[in-house]
Amino acid sequence: MKNTPFPGYFISFEGIDGAGKSTHIAAFADHLKESYPDREVVMTREPGGTKLGESLRDLLLNEPMNLETEALLMFGARREHVAQIIEPALLAGKIVISDRFTDASFAYQGGGRGLSLEKLNALEKWVQGRADGTLLQPNLTILFDLPGSVAQDRRSQVRSPDKFEQLDLHFFEKVRQEYLRRAKSDPDRFHIVDATQSKDAIWAGLKSLNIILK
Ligand code: TYD
């Protein structure tokens, strides 16, 4: 868990498609509301989170596009999300829970599709940079980790795939490896969940996370 200059607390959930994060996000938000009844909990997602961001989400998930265009639109949507929703909420002391944030761009556009780290780092700085030279980052990122093949089996059982979910196993393995690299480079921020465990075991682990609010 990372200390940030904000009175609020920012949590992102990440993982390859089919890792099971969505199942736990709402329950985790309820758990935090119960634990901290005086704090407002804001639930949001990426791509999306604002009216503009949701329009961009529709394009991003359904239209084939050039890799650079995709990364720029992801970060464009993110800039709006940070400026309109995330930063004001954190300044007001709220708890923000986002279903995906910047690590997803490193994992999917970087690891999966091959955009250079240099470009991703520049975009991250541009979109999350603050006047004091720091980056706005989650205090805690919960990464649902599992092999691409297990995730693929799960996905095929539950829904028809969007643009990203149609990609092959090799793509998801690269996405997974980039998530793990990001986690390794920022261990204070990341909590890795072994997503091959049962739902109950995962939930027990999440509930026991020690979240300390200011
Ligand atoms: P996801 O969050 O899994 O939503 P749902 O559960 O409704 O399918 O889907 C979002 C997709 O967008 C997912 O495949 C990952 C992708 N994505 C990126 O490629 N880059 C990004 O920066 C973000 C935020 C998401």
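So, how was this worked out
Residues numbered from 1 in each chain as written. Predicted model: local features only at pLDDT ≥ 70, side-chain atom pairs only at ≥ 80, totals over all residues. Heavy atoms only, no water. Helix = DSSP H or I, 4+ residues; strand = E, 2+ residues; numbered from the N terminus. Buried < 20%, exposed > 50% of the residue type's maximum accessible area, 1.4 Å probe, protein only. Contact = heavy atoms within 4.5 Å. Areas by Shrake-Rupley, 256 points an atom, 1.4 Å probe, with all protein chains shown as cover. Lys, Arg positive; Asp, Glu negative; His and termini not counted. Charge placed at Lys NZ, Arg CZ, Asp CG, Glu CD. Near = heavy atom within 4 Å. Polar contact = N/O pair within 3.5 Å; in protein donor to acceptor, adjacent residues only side chain to side chain. 1 Å grid on protein atoms, 1.4 Å probe; cavity = no way out; pocket = protein on both sides within 12 Å on 5 of 7 lines; lining within 4 Å. Sits in = over half its atoms within 2 Å of the grid points. Pairing = 2+ DSSP bridges. Points joined across faces, edges and corners; volume = space filled by probe spheres on them. Nonpolar A, V, L, I, M, F, W, Y, C, P; charged D, E, K, R; others polar. Axes fitted to C-alpha atoms, helices over the stretch in contact; angles between N-to-C directions.

J.: Whenever I open this one, the overall build of the protein chain confuses me. Can you help?
T.: Along its length, the protein chain carries eight helices and five strands. Element order for the protein chain, N to C, with α for helix and β for strand: β-α-β-α-α-β-α-α-β-α-α-β-α. Projected onto its principal axes, the C-alpha positions of the protein chain cover 45 × 40 × 30 Å. Here the protein chain holds 214 residues, and the buried ones make up 51% of them. For the protein chain, the share of sequence-separated contacts (at least 6 apart) that also reach a separation of at least 24 residues comes to 80%. About 10,100 Å² of surface is accessible on the protein chain, with carbon and sulfur atoms providing 53% of the total. Here the protein chain holds 28 positive side-chain charges and 30 negative ones, and the gap between their average locations is 2 Å.

J.: Would you mind going over the side chain of T102 with me for this structure?
T.: Within the element layout of this structure, T102 appears in helix α4 (residues 102–112). By relative accessible area, T102 is classed as buried at 1%. Filtering out sequence-adjacent residues up to four positions away, T102 remains in contact with E14, E46, F75, R78, E124, Q128 and R182.

J.: Help me understand the site of the ligand in this model?
T.: Near the ligand lie 18 residues; those nearest to it are D17, R100, S105, Y108 and Q109. A distance of 3.2 Å is found between an oxygen atom of the ligand and a side-chain nitrogen or oxygen belonging to R57. Side-chain polar atom of R100 to an oxygen atom of the ligand: 2.8 Å apart, as the coordinates give it. In the complex, the protein chains occlude 90% of the 560 Å² of accessible area that the ligand would expose alone. Under a 2 Å grid-point criterion requiring more than half of the atoms, the pocket assigned to the ligand is the largest pocket. Among the secondary structure elements, those contributing two or more residues to the shell around the ligand are α1 (21–35), α2 (51–62), α3 (67–91) and α4. For the shell around the ligand, the leading source of residues is α4, giving four residues.

J.: Can you help me understand the pairing of strand β4 (residues 140–145) in this one?
T.: Burial of β4 is extensive: six of the six residues sit out of reach of the surface. Residues L140, I142 and F144 point to one face of β4 and T141, L143 and D145 to the other, with burial holding for every one of them. Looking at chain direction, strand β1 (residues 9–15) and β4 are connected through five bridges and run parallel. Within the sheet, the bridge partner assigned to G15 lies in β4 and is F144. For β4 and strand β5 (residues 190–194), the ladder comprises five bridges, and the chain directions are parallel. Note that in β5 the partner of D145 across the bridge is D194.

J.: Just to check I follow, could you spell out the layout of surface pockets for this structure?
T.: To find leftover empty space, one rolls a probe the size of a water molecule over the atoms. In this structure, the largest pocket encloses a volume near 660 Å³. Looking at the lining of the largest pocket, the elements with two or more residues in it are α1, α2, α3, α4, α6 (148–158) and α8 (199–207). Here the lining of the largest pocket is composed, by residue class, of twelve nonpolar, nine polar and 14 charged. Size it by volume and the second largest pocket reaches roughly 160 Å³. Lining the second largest pocket we find 14 residues, and of these K2, T4, L135, L136 and Q137 sit closest to its centre. For the lining of the second largest pocket, a count of residues per class yields five nonpolar, four polar and five charged.

J.: Please explain the sheet that holds strand β3 (residues 95–99) as it appears in this structure.
T.: Sheet strands pair via backbone hydrogen bonds, and the direction of the pair is either parallel or antiparallel. The sheet built from five strands is open, its strands ordered β2-β3-β1-β4-β5 with parallel pairing. The open sheet has two free edges, formed respectively by β2 (41–45) and β5, since each of these has just one partner strand. With direction set aside, neighbouring strand axes in the sheet form an average angle of 20 degrees.

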